[in-house]
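This is what each chain is made of:
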Amino acid sequence: DAGITQSPRHKVTETGTPVTLRCHQTENHRYMYWYRQDPGHGLRLIHYSYGVKDTDKGEVSDGYSVSRSKTEDFLLTLESATSSQTSVYFCAIGGLAGSEYQETQYFGPGTRLLVL
Amino acid sequence: GESVGLHLPTLSVQEGDNSIINCAYSNSASDYFIWYKQESGKGPQFIIDIRSNMDKRQGQRVTVLLNKTVKHLSLQIAATQPGDSAVYFCAESPYGQNFVFGPGTRLSVLP
């Protein structure tokens, strides 16, 4: 998985609780991404980061926030989890440090989240 | 494992045969494309990429063909093996912009 770890790998939580997912990379890639994957849909971008403290929204960002305080870590927070956020969440990295382009993306192993 | 896609199109091929998986992309401005393989319960795995200044690119047992005229991408897998069974999806990226991912095709290799 190209030096990408995600934690936790599985989580069950209740509606209304906050949840934070962590993505950690050892590859020094500039870009980091959070996607969700649901049956019948392609991967959909939630948020991405193009550097430390530099983040932007993706296609399905409502209800999610992110933070990147270090190159290697990208956190995804569900402020108040809802059942519609039950999904598999993937982190991806791309673009070596110093690269101007996003280039190839490599994915982590995923986090399966169930919101009851 | 989780269901990557409950109603994905499925391609069934005999072990040893060649597989061709197709993808129609949406944006004529897309200039970079990637094929990913995703096995059940795992993250997408990079297979091969191609830029819009190329029509064909070959890897180990895989070939990607790009037809910009009709916005079509295909992945050819030679001598398909049981380990090739997975969901395959394409991703397109307009210059410098975020990727858009297709829903995928499930490849089933029959013994």
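This is a predicted model, so every value here is computed, not measured.

By the definition in use, this model includes two disulfides over all chains. Each sulfur of the disulfide joining A:C23 and A:C91 lies 1.9 Å from the other. The S-S bond linking A:C23 to A:C91 shows a torsion near -70°; that makes this disulfide left-handed. Taken together, the residues A:C23 in strand 3 (residues 19-25) and A:C91 in strand 9 (residues 87-96) connect sequence positions 68 residues apart. Both residues of the pair, A:C23 and A:C91, belong to the buried class. Disulfide pairing is shown between B:C23 and B:C90; the S-S distance is 1.6 Å.

Residue and element names in this part refer to chain A. The antiparallel open sheet is built from four strands, whose spatial order is 1-3-8-7. Single-partner strands in this sheet number two, and they are strand 1 (4-7) and strand 7 (64-70). Ignoring strand direction, the axes of neighbouring strands in this sheet form an average angle of 20°. The pairing of strand 1 with strand 3 spans four bridges and is classified as antiparallel.

With that out of the way, let us pick up the pattern of salt bridges. Here the structure, examined in full by the defined rule, presents eight salt bridges over all chains. Across the pair A:R44 and A:D38 runs a salt bridge whose closest N-O atoms are separated by 2.8 Å. Of the two residues, A:R44 and A:D38, neither departs from the other in class, the shared state being buried. When the shortest N-O distance is used, the salt bridge between B:D49 and B:R57 registers 2.2 Å. Accessibility expressed as a relative area gives 12% for B:D49, which makes it buried. Judged by relative accessible area, B:R57 falls into the partly exposed class, the value being 35%. Look at the salt bridges and you will find they share partners, linking A:R22, A:K70 and A:D73 into a network.

Taken together, the contacts link 26 residues of chain B with 24 residues of chain A. Roughly 1800 Å² of surface becomes buried between chain B and chain A when both sides are summed, with 53% attributable to carbon and sulfur atoms. Joining chain B to chain A, the criterion identifies zero salt bridges. Where chain B meets chain A, there are three residue pairs in polar contact (both at pLDDT 80 or more). If you list the elements that add at least two residues to the side of chain B that touches chain A, you get strand 3 (30-38) and strand 4 (45-51) of chain B. The element best represented in the side of chain B that touches chain A is strand 3 of chain B, accounting for four residues. Grouping the amino acids of the side of chain B that touches chain A by side-chain chemistry returns 12 nonpolar, 10 polar and four charged.

What counts and how
- Residues numbered from 1 in each chain as written.
- Chains lettered and ligands numbered in written order.
- Predicted model: local features only at pLDDT ≥ 70, side-chain atom pairs only at ≥ 80, totals over all residues.
- Heavy atoms only, no water.
- Disulfide = S-S within 2.5 Å.
- Helix = DSSP H or I, 4+ residues; strand = E, 2+ residues; numbered from the N terminus.
- Buried < 20%, exposed > 50% of the residue type's maximum accessible area, 1.4 Å probe, protein only.
- Pairing = 2+ DSSP bridges.
- Axes fitted to C-alpha atoms, helices over the stretch in contact; angles between N-to-C directions.
- Salt bridge = Lys/Arg side-chain N within 4 Å of Asp/Glu carboxyl O.
- Contact = heavy atoms within 4.5 Å.
- Buried area = accessible area lost by both parts, 1.4 Å probe.
- Polar contact = N/O pair within 3.5 Å; in protein donor to acceptor, adjacent residues only side chain to side chain.
- Nonpolar A, V, L, I, M, F, W, Y, C, P; charged D, E, K, R; others polar.

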